Amino acid sequence: MAPISIADIVSALPAEDTWGPATSTDNMLQGVPYAPFSKGDKLGRMADWTAESKDRDRAGRQAYNRNYRDQQVYGAGSSSLFSIQAAEEESSFSVVDNTRASAKRTFGRGGGTVFRGRGQRGGAQRGGRAGFQRVGAGRGQGDRYYDNRSGRSNRGRRFGWKDYDKPQRTREPSINVRPDWNMLEEVDFSRLSKLNLETPDGEDLDSYGFLYYYDRSYDKAPVKNAERRLQALERAAYNVTTSQDPVIQELAEKNEATVFATSDILSMLMCAPRSVYSWDIVIVHQGNKIYFDKREGASLDLVTVNENAADAPLELAETSGKQESINTPSALAMEATFINHNFALQTVTESQSAKLEMSHPNPFYNASEESEPLASKGYKYRRFDLSLTDEEPLNMIVRTEVDALLKNPVSGEDQQVIVKALNEFDSKAQGSGGALDWRNKLWSQRGAVVATEMKNNSCKLARWTTQAILAKADAMKLGFVSRANPRSAAAHVVLGVVGYKPREFASQMNLNLGNGWGIVRTIVDRIRALDADEEEDKVTKYVLIKDPNRPVLRLYSVPATTFEEDEEVAEEQEEKGDEDEE
């Protein structure tokens, strides 16, 4: 017999017993739908067009890319063709809960109900992702949120603007630096804050003007629906710069001191580290005398509003026209200056028989030329010793101001008072700094209202307190004035007046006068060192400018004729205006 090969055995096997990979003729997957997939895909719909269009229309392309960034792979949104269908009997299956339900409602510390379940709409879930629950807030309080994760109550917290989303503040300088000016020094506020000079209380040299008595009825809480309107009174009031003061000129000729200034200029320099807006001071060195002056129409004369607030008022250019023009920093400053002028006039009792005449009449009033009656104002010229040693004496004369008199209820003595006013424009508007509604909270939460003003107007209140201490005033009267209509700056009402002692108020604000005197002495020493080699009769002029966008002071050397042309133009315009009126 012939031998049998392996090929003959394989060829004799039946076809259905063959093994190995399936051939292309096999139809094992016939009728089964196919969808492309990856290992990370979840089986679902092949294409969910409705969900995509719904979210895309609501939140835009950015939200779509963020929410669906994991589903951009082809086939990721596949349909539930492969999912197991639930049996019909499962729909009737239920679990009996034998736990006893409590009818007691649970409240969070913020006063709102805390929902215990997961996925509840609009609230904070215990342990869930929604961490904040909104609780009803009163008028002017802003939104209040309760943080269930940390147990803290966040009042007035804003959700929306991130730090990188806030508009960039680019403030304009108070004066434009000219090409012929030479910068000599640049000092950071952190260095100024470390200075200190203990100066004794000043001595009175002379006094001018007169004072009326303060009306104590303003200290009482106003009756409902009977608020006092702020009146616009026509009275003659003066704020003359240092070098144009005839009394200071006379004292300089007598060599009574080396440095001369007014309290409003000096207080700005002493409180410089608290300032945010730009300002400038003109320093004139003539012979051995130094004068701290201000320009005509300088920003020092304006009263700022919420300068130190974290979210200060914005100019129209920064808000793209969304904000009303009456709530811009410049408009608010004009409004606050008008309020302060009229409030000091309205809160005194004008009586010729009950007033205090100073040693001399008002040095700026000319009865033959002025038609308006004089305002209640007392000018006190006081001298301060800034000497470091007895060998090199350095004295400074400051013209200080007081506004009214007040009878001491215990001793019956007359006390000198400074009268100022804080103003509210709109507690809900941008730039309000989280202030409370004064009409509802001034008398019930007076401490909170004053604390908020100390935070938002730190520089302004520090200047007023410094002026009161320089004048050796016995008390400060702070009025709270609000708009009759938040959308109009034409009419105002007086909501109340709070009294403080200047020294106590300074300690509450953490105001250190020693630091202010140290700043003044440092500037004076620098000016004297610059002109040490100059001739005695030569006049040199400097300008000290606060940078509008940085906490920096810059000292410029300017020509001696700077600002004189501007003053001549201003005088010509005033004379032309008077001729047109006639």
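Residues numbered from 1 in each chain as written. Predicted model: local features only at pLDDT ≥ 70, side-chain atom pairs only at ≥ 80, totals over all residues. Heavy atoms only, no water.

**A short note on the overall build of the chain**
A tally of helices and strands in the chain yields 13 helices and 19 strands. The 582 residues of the chain split such that 41% are buried. For the chain, the exposed area adds up to about 35100 Å²; of that, 48% sits on carbon and sulfur atoms. (Helix = DSSP H or I, 4+ residues; strand = E, 2+ residues; numbered from the N terminus. Buried < 20%, exposed > 50% of the residue type's maximum accessible area, 1.4 Å probe, protein only. Areas by Shrake-Rupley, 256 points an atom, 1.4 Å probe, with all protein chains shown as cover.)

**Points about the nonpolar core**
In this structure, Leu 266, Leu 269, Ile 283, Phe 292, Met 396, Phe 505 and Trp 517 are the most contacted members of the largest nonpolar core, which totals 73 residues. If near-sequence neighbours (up to four positions away) are discounted, Trp 517 is found in contact with Leu 197, Thr 199, Leu 266, Met 270, Phe 384, Leu 386, Met 396 and Leu 470. (Core = buried A, V, L, I, M, F, W, Y, C linked by side-chain atoms within 4.5 Å. Contact = heavy atoms within 4.5 Å.)

**Some points on the pairing of strand β18 (residues 539-546)**
In terms of burial, β18 is a largely internal element, 7 of the 8 residues being buried. Of the pairings in the sheet, the one linking strand β8 (residues 280-286) to β18 comprises 7 bridges and is antiparallel in character. Each bridged residue has a counterpart across the sheet, and for His 285 the counterpart in β18 is Thr 540. Sheet analysis places β18 next to strand β19 (residues 552-558), joined by 6 bridges and oriented antiparallel. Counterpart to Ile 545 in the pairing with β19 is Arg 554. (Pairing = 2+ DSSP bridges.)

**So, the confidence of the model for the chain**
For the chain, mean pLDDT is 77; residues scoring 70 or higher make up 66% of the total. Taken together, the stretch residues 52-84 has pLDDT below 50 and engages in 36 contacts with residues farther than four places along the chain or on a different chain. Predicted confidence is poor over residues 101-165, with pLDDT under 50, and the contacts of this stretch with residues over four places away or in other chains come to 90 contacts. (pLDDT = per-residue confidence, 0-100.)

**Notes on the packing of aromatic side chains**
Under the defined criterion, the tally for this structure stands at 10 aromatic pairs. Here Phe 364 and Tyr 379 contribute two aromatic rings whose centre-to-centre distance is 5.3 Å and whose plane-to-plane angle is 90°, an arrangement assigned as edge-to-face. With a gap of 15 residues between them, Phe 364 in the loop between β11 (355-357) and β12 (377-385) and Tyr 379 in strand β12 connect regions that are remote in the sequence. Ring centres of Tyr 500 and Phe 505 lie 4.7 Å apart, and the angle between their planes is 40°; this geometry places the pair in the tilted category. For Phe 505, a relative accessible area of 1% puts it in the buried group. Site record: aromatic cluster; members linked through ring pairs are Trp 181, Tyr 556 and Phe 563. Sitting over the ring of Tyr 218, Arg 228 keeps its end group 4.1 Å from the ring centre. One Lys or Arg, Lys 355, reaches over the ring of Phe 210 and ends 4.3 Å from the middle of that ring. (Phe/Tyr/Trp six-rings, centres within 6.5 Å; stacked < 30°, edge-to-face > 60°. Lys NZ or Arg CZ within 6 Å of the ring centre and 35° of its normal.)

**Examining helix α10 (residues 458-470)**
Residues separated by three or four positions in an α-helix point in the same direction, a consequence of the helix having 3.6 residues per turn. For α10, with 13 residues, the first-to-last C-alpha span of 18 Å sits near the 18 Å given by 1.5 Å per residue. Just downstream of α10 lies Lys 472, where phi reads positive at about 55°. (Expected span 1.5 Å × (residues − 1).)

**Section: the packing of helix α5 (residues 263-270) against helix α12 (residues 513-530)**
Axis separation between α5 and α12 bottoms out at 8 Å; the angle between their running directions is 100°. By the angle class used here, α5 and α12 are roughly perpendicular. Between α5, through Leu 266, Leu 269 and Met 270, and α12, the contact on the second element is made entirely by Leu 513, Gly 516, Trp 517, Ile 519, Val 520 and Ile 523. Its residues assigned to classes, the contact of α5 with α12 shows 8 nonpolar, 1 polar and no charged. (Axes fitted to C-alpha atoms, helices over the stretch in contact; angles between N-to-C directions. Parallel < 35°, antiparallel > 145°, perpendicular 65-115°, else oblique. Nonpolar A, V, L, I, M, F, W, Y, C, P; charged D, E, K, R; others polar.)

**Points about the environment of Thr 262**
Topologically, Thr 262 is positioned in strand β7 (residues 259-262). Thr 262 sits in the buried class, given a relative accessible area of 1%. In sequence terms Thr 262 and Ile 397 are 135 residues apart; their C-alpha atoms lie 8.3 Å from each other. Residues contacting Thr 262, with those up to four places away along its chain left out, are Val 240, Thr 241, Thr 242, Val 398 and Arg 399.

**So, the environment of Ile 339**
Assignment of secondary structure puts Ile 339 in helix α7 (residues 329-346). Look past the residues within four positions of Ile 339 in its chain and what remains in contact with it is Leu 230, Ala 421, Asn 423, Val 481 and His 492.

**With respect to the pairing of β12**
Most of β12 sits inside the fold, with 8 of its 9 residues counted as buried. Relative to strand β13 (residues 395-402), β12 runs antiparallel, the two being bridged by 8 bridges. When the sheet's bridge partners are listed, Lys 380 is paired in β13 with Thr 400.

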